[in-house]
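# Observations on the three-dimensional arrangement
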Amino acid sequence: MSSLPLRSVIEFSQFDQLRDAREIIFSEADALRQMGRTLGTELSDAVDLIRSRQGAVILTGMGKAGIIAQKICATFSSTGTRSHFLHPAEAIHGDLGCLHADDTVLALSNSGETEEIRRLLPIIQKMELPIIGITARETSSLGRASQVVLCLGELKEAGMHQLAPSTSTTAMLAMGDALALVISKARGFTPLEFATYHPGGSLGRRLTNISEVMRGRDEVRVTFESSSIRETFVRLCSPGRRSGAVIIVDDSNSVTGIFTDSDLARLLEERRDAQLDRPISEVMIAQPITIQSDASLQEAVELLKSRKLSELPVVDRQQHLAGLIDITDVIGWQPQTKPNKINRPAG
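Residues numbered from 1 in each chain as written. Predicted model: local features only at pLDDT ≥ 70, side-chain atom pairs only at ≥ 80, totals over all residues. Heavy atoms only, no water.

## Comments concerning the overall build of the protein
- Per the secondary structure count, the protein includes 13 helices and 13 strands.
- When the 347 residues of the protein are sorted by exposure, 42% land in the buried category.
- Total accessible area on the protein stands at roughly 19600 Å², and carbon and sulfur atoms take up 53% of it. (Helix = DSSP H or I, 4+ residues; strand = E, 2+ residues; numbered from the N terminus. Buried < 20%, exposed > 50% of the residue type's maximum accessible area, 1.4 Å probe, protein only. Areas by Shrake-Rupley, 256 points an atom, 1.4 Å probe, with all protein chains shown as cover.)

Structure follows, in structure tokens:
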């Protein structure tokens, strides 16, 4: 039974390790810059081809190229373009059933001669599905079978022996991302749609519509300018979750002011007890900062932070009160961010 020869141990200092790592990163970055400089209208041809068809983008690739194809597939799906991954070896064992008449195939192979891809190409052509090839040469088998070729060019793999797919897979990933994101922009894909596809995690949370997080109008303490402070607080006293503010509206339900628990505490500290039986309009903060109900949670949090607010009235397009965002509603939306101290502005 034969065995692999023993590898000799070489001295490899920390300095040498960092030097080699930087050279690998720089060589891959240089390859991407060169690919970007030589990229031509074929990218637009690929965009137009995918947008002209109603089906999904079917990505395929073998080995390391297949792993990159799966990542690009995820990018397409998360940015508004339906996509699926088809393993080229499994395709001829029943998985071809995922292909439909209006799909577009995006095939990845650096050499363009990968056996499993070559066996798949005539089947795809027989089904009359257009192929976009991401490959090094237009003259390869994949290049010749493709309606559009996104050419990577002749690339040198990174590292001492230049054997493992590295620069080539980085280039494939960059080309696939460029294609997916350009299509997404051309289709007018919005951050709100992105949040729909990313409901979990802090990213999806940031892009969530504020209407899904805010307290509705029936959960907000609301009064009129003519009401006294004492009357307002007694009338609106209720158990359960409450905000630290009373929103003042006019007869048309438009927000005219805000009065917070901090404002009430300040009156008591200053021994202005007589003010409690005066109209709340005399001490409210007039024309408070508000936010539209179709804004994102991220916009609300940034406004709370930048203006050092604890409560933020939410209004609709007609400037009518729709609800309220309280700092306690969003305090944990981004767990890795150290919470800022929130103070009520003096006034």
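## Regarding the nonpolar core
- Counting 27 residues, the largest nonpolar core has Phe76, Leu106, Leu108, Leu150 and Leu179 as its most contacted members.
- Sorting the residues of this core by element identifies helix H2 (42–51), strand E1 (57–61), helix H3 (64–78), strand E3 (104–108), strand E4 (131–135), strand E5 (148–151) and helix H7 (167–186) as the ones contributing at least two each. (Core = buried A, V, L, I, M, F, W, Y, C linked by side-chain atoms within 4.5 Å.)

## Things to note about helix H12 (residues 297–306)
- Restricting attention to buried positions, one finds in H12 the residues Leu297, Ala300, Val301 and Leu304. Along H12, the residues classed as buried sweep out an arc of 95° about the axis, all on the same side.
- Lys308 sits one or two positions beyond H12 and adopts a positive phi of about 50°. (Arc of directions from axis to C-beta.)

## What to know about the sheet that holds E5
- Across the sheet, five strands lie side by side as E2-E1-E3-E4-E5; this open sheet has parallel pairing. Strand pairing shows two members of the sheet lacking a second neighbour, strand E2 (83–85) and E5, which therefore form its edges. Averaged over all neighbouring strand pairs, the angle between strand axes comes to 20°, with direction disregarded.
- Bridge analysis of E4 against E5 gives four bridges, and the strand direction is parallel. (Pairing = 2+ DSSP bridges. Axes fitted to C-alpha atoms, helices over the stretch in contact; angles between N-to-C directions.)

## Notes on the confidence of the model for the protein
- When pLDDT is averaged along the protein, the result is 88; 86% of the residues meet or exceed 70.
- Confidence drops under a pLDDT of 50 for residues 335–347, and excluding neighbours within four residues, the segment shows 18 contacts in the predicted structure. (pLDDT = per-residue confidence, 0-100. Contact = heavy atoms within 4.5 Å.)

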